[in-house]
Amino acid sequence: MAIERLIKFTLVFTLAVILMGAYTRLSDAGLGCPDWPGCYGHLAVPSASHDLAKIETHFPQMTIEPEKAWLEMIHRYIAGALGLMVLAILILCIKHPHAPKKLPSFIAVLIVFQAALGMWTVTMKLMPIVVMAHLIGGFSLFALLLLLYLRLKPLRIPGGDSYARKLVPLALVSLGVLVIQIILGGWTSSNYAALACTTLPICEGNWVDNLRFAEAFSPFQGDHPSFEFGVLDYATRMTIHVSHRVWAVVTAITLILLALKLRYAQSNIMRNSGYLLLLLVIAQVGLGISNVVMNLPLGIAVSHNAGAALLLLTLVFINYALWRKA
Ligand code: HEM
């Protein structure tokens, strides 16, 4: 069916947009263009000398950095293309008598909201709550597109797999635990807390006595001309970082337990999902540790983001497959 192929392509494209967003953020290019939707009022990054002269007058505090501006604009263009794909999916679903209608409509609304969050990310100068919501919006879009794809497929577990069905509560808890870990990761990244702890396993110094949960998880951090590079003090960033690491232990244990239990499922599809989950958890923890010991190299940080997105997809699939009637 044309819709299924389009959704499959859109899923891969969404991952590309998420990774491009992570690459832009981690390259400190989020404010490469200080306005929205254009860049210094232009459709492409301006380079002509008369345009540059005008920019100096209209944006006196800004120095145009073409590389960063291009990263930001490419992210905006491909996100725009993704918006058009989601619109096409919605139209095809509305036309197709047996396709779901509510889910694609919700996805279309979500992508409009996601565009607004992209705008606020720039206009509110990388305010962490907005940056994190933008990251979560992208991940939600990715997960909902998979759900739509699965709704269009007649997926059934052969014979019902009564053993796997007993894992429904654990699979649901695993998804919840993972979502919390992703939110904590987004909060770590958007508050520039990645390098607050540089030793293993948890943090250096007398970290237990310096934890400040109220400040660390307050969604609003006052007025600042810009939130680029973070506005929180060391102890607060350390608390955010430590929370992400400690919850990583809870996440890894829960997901590995589910993966190991899935080994005894009767159906191949559930057993293989378990192996994939196990592989992804090990890779994700390895990438997280590499982030810390290697001082956040761009490639590793972007791969850590991709790992989180793929873990989410795997758990959405496992939950869906377990809930589906035989
Ligand atoms: C167990 C599963 C884990 C998941 C699902 C996860 C997820 C995430 C996510 C979604 C982000 C935000 C990425 C971004 O904004 O681009 C993040 C950031 C981060 N994670 Fe994890 N993480 C996990 C484990 C770990 C572990 C074990 C460590 C270290 C020991 C770690 C260290 C970090 C660091 C330092 C950042 C900030 C990187 C940055 O500034 O972009 N993570 N994590």
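Rules of the game
- Residues numbered from 1 in each chain as written.
- Predicted model: local features only at pLDDT ≥ 70, side-chain atom pairs only at ≥ 80, totals over all residues.
- Heavy atoms only, no water.
- Axes fitted to C-alpha atoms, helices over the stretch in contact; angles between N-to-C directions.
- Helix = DSSP H or I, 4+ residues; strand = E, 2+ residues; numbered from the N terminus.
- Parallel < 35°, antiparallel > 145°, perpendicular 65-115°, else oblique.
- Left-handed = near helix turned anticlockwise from the far one by under 90°.
- Contact = heavy atoms within 4.5 Å.
- Nonpolar A, V, L, I, M, F, W, Y, C, P; charged D, E, K, R; others polar.
- Near = heavy atom within 4 Å.
- Domains from an automatic or database assignment.
- Buried area = accessible area lost by both parts, 1.4 Å probe.
- Salt bridge = Lys/Arg side-chain N within 4 Å of Asp/Glu carboxyl O.
- Polar contact = N/O pair within 3.5 Å; in protein donor to acceptor, adjacent residues only side chain to side chain.
- Buried < 20%, exposed > 50% of the residue type's maximum accessible area, 1.4 Å probe, protein only.
- 1 Å grid on protein atoms, 1.4 Å probe; cavity = no way out; pocket = protein on both sides within 12 Å on 5 of 7 lines; lining within 4 Å.
- Points joined across faces, edges and corners; volume = space filled by probe spheres on them.
- UniProt positions renumbered as here; feature names shortened; annotations may be inferred.
- Disulfide = S-S within 2.5 Å.

Participant: Looking at this structure, I do not really get the packing of helix H5 (residues 128-152) against helix H7 (residues 168-190). What am I missing?
Facilitator: Two quantities define a packed helix pair, namely the angle between the helix axes and the distance between the axes. Remark: H5 packs on H7, axes separated minimally by 9 Å, with the N-to-C direction vectors making an angle of 140°. With respect to H7, the axis of H5 lies oblique. Like other packed secondary-structure pairs, H5 and H7 cross with a definite hand, here right-handed. The segment H5 lies against H7, with Pro128, Ile129, Val131, Met132, Leu135, Ile136 and Phe139 engaging Ile182, Ile183, Gly186, Trp187 and Ser190. Partitioned by chemical class, the residues of the contact of H5 with H7 number 10 nonpolar, 2 polar and no charged.

Participant: Looking at this structure, I do not really get the site of the ligand. What am I missing?
Facilitator: The ligand sits among 24 residues. The nearest are Arg25, Leu26, His244, His304 and Asn305. Within the residue set of the shell around the ligand, elements represented by two or more residues are helix H1 (2-26), H7, helix H9 (234-262), helix H10 (268-293) and helix H11 (298-323). Broken down by element, the shell around the ligand gets its largest block of residues, 7 residues, from H7. When the residues that make up the shell around the ligand are grouped by side-chain class, the tally is 10 nonpolar, 12 polar and 2 charged. Residue-level mapping places the shell around the ligand at the junction of two domains, with at least three residues from each of domain 1 (1-154) and domain 2 (157-326).

Participant: How should I be thinking about the domain arrangement of the protein in this particular structure?
Facilitator: How big an interface is tends to be expressed through the accessible area that disappears when the partners come together. Splitting the protein by domain gives domain 1 (1-154) and domain 2 (157-326). Relative to domain 2, the C-alpha centre of domain 1 lies at a distance of 23 Å. Taken together, the contacts link 28 residues of domain 1 with 30 residues of domain 2. When the area that domain 1 buries against domain 2 is broken down by residue, the three leading residues are Leu26, Pro128 and Phe139, summing to 21%. On the surface where domain 1 and domain 2 come into contact, there are 0 salt bridges. Linking domain 1 to domain 2 there are 3 residue pairs in polar contact (both at pLDDT 80 or more).

Participant: Sorry, what's going on with the side chain of Thr24 here?
Facilitator: Structurally, the position occupied by Thr24 is in helix H1. Judged by its relative accessible area of 2%, Thr24 is buried. Setting aside residues no more than four positions away along its own chain, Thr24 makes contact with Ala29, Gly30, Leu71, Glu72 and His75.

Participant: Honestly, empty space enclosed by the protein in this entry has me stumped. Any pointers?
Facilitator: Empty space among the atoms can be located by rolling a probe the size of a water molecule over them. If you walk through the whole model with that rule in mind, you get 1 cavity of 30 Å³ or more. Approximately 40 Å³ is the volume attributed to the largest cavity. For the largest cavity, the full set of lining residues is Arg25, Leu126, Val131, Ser190 and Tyr192. Looking at the lining of the largest cavity residue by residue, the class counts come to 3 nonpolar, 1 polar and 1 charged.

Participant: Where do I start with the packing of H7 against H11 in this structure?
Facilitator: H11 packs onto H7 with a crossing angle of 155° between their chain directions and a minimal axis gap of 10 Å. Regarding the angle of H7 to H11, the classification is roughly antiparallel. As H7 packs across H11, the resulting crossing turns out to be left-handed. Note on element contacts: H11 touches H7 through Ala308, Leu311, Leu312, Leu315, Val316, Ile318, Asn319, Leu322 and Trp323, opposite Val168, Ala171, Leu172, Ser174, Leu175, Leu178, Val179 and Ile182. Grouping the amino acids of the contact of H7 with H11 by side-chain chemistry returns 15 nonpolar, 2 polar and no charged.

Participant: Help me out: how do you make sense of the environment of Val131 in this one?
Facilitator: Mapped onto the fold, Val131 is located in helix H5. With a relative accessible area of 10%, Val131 lands in the buried category. For the pair Val131 and Arg25, spaced 106 residues apart in sequence, the C-alpha to C-alpha distance is 9.1 Å.

Participant: Explain the UniProt feature "transmembrane region" (unreviewed entry) in the protein to me, please; I cannot follow it from the model alone.
Facilitator: As recorded in UniProt, the sites labelled "transmembrane region" (unreviewed entry) are residues 7-26, 74-94, 106-123, 129-150, 170-188, 244-262, 274-294 and 306-323. What you have in residues 170-188 is 100% helix and 0% strand, and the ends, taken at the C-alpha atoms, are 27 Å apart. End C-alpha atoms of residues 306-323 are separated by 26 Å, and the span's content is 100% helix alongside 0% strand.

Participant: Whenever I open this one, the state of the cysteines confuses me. Can you help?
Facilitator: Within this structure, the stated rule accounts for 2 disulfides. Here Cys33 engages in a disulfide with Cys39; their sulfurs sit 2.1 Å apart. Judged by the sign of its S-S torsion, about -85°, the bond between Cys33 and Cys39 is left-handed. Judged by its relative accessible area of 0%, Cys39 falls in the buried class. The side chain of Cys197 participates in a disulfide bridge whose partner is Cys203; the two sulfur atoms lie 2.1 Å from each other. Here the disulfide of Cys197 and Cys203 is left-handed, its torsion about the S-S bond being about -90°. For the pair Cys197 and Cys203, one class covers both residues: buried.

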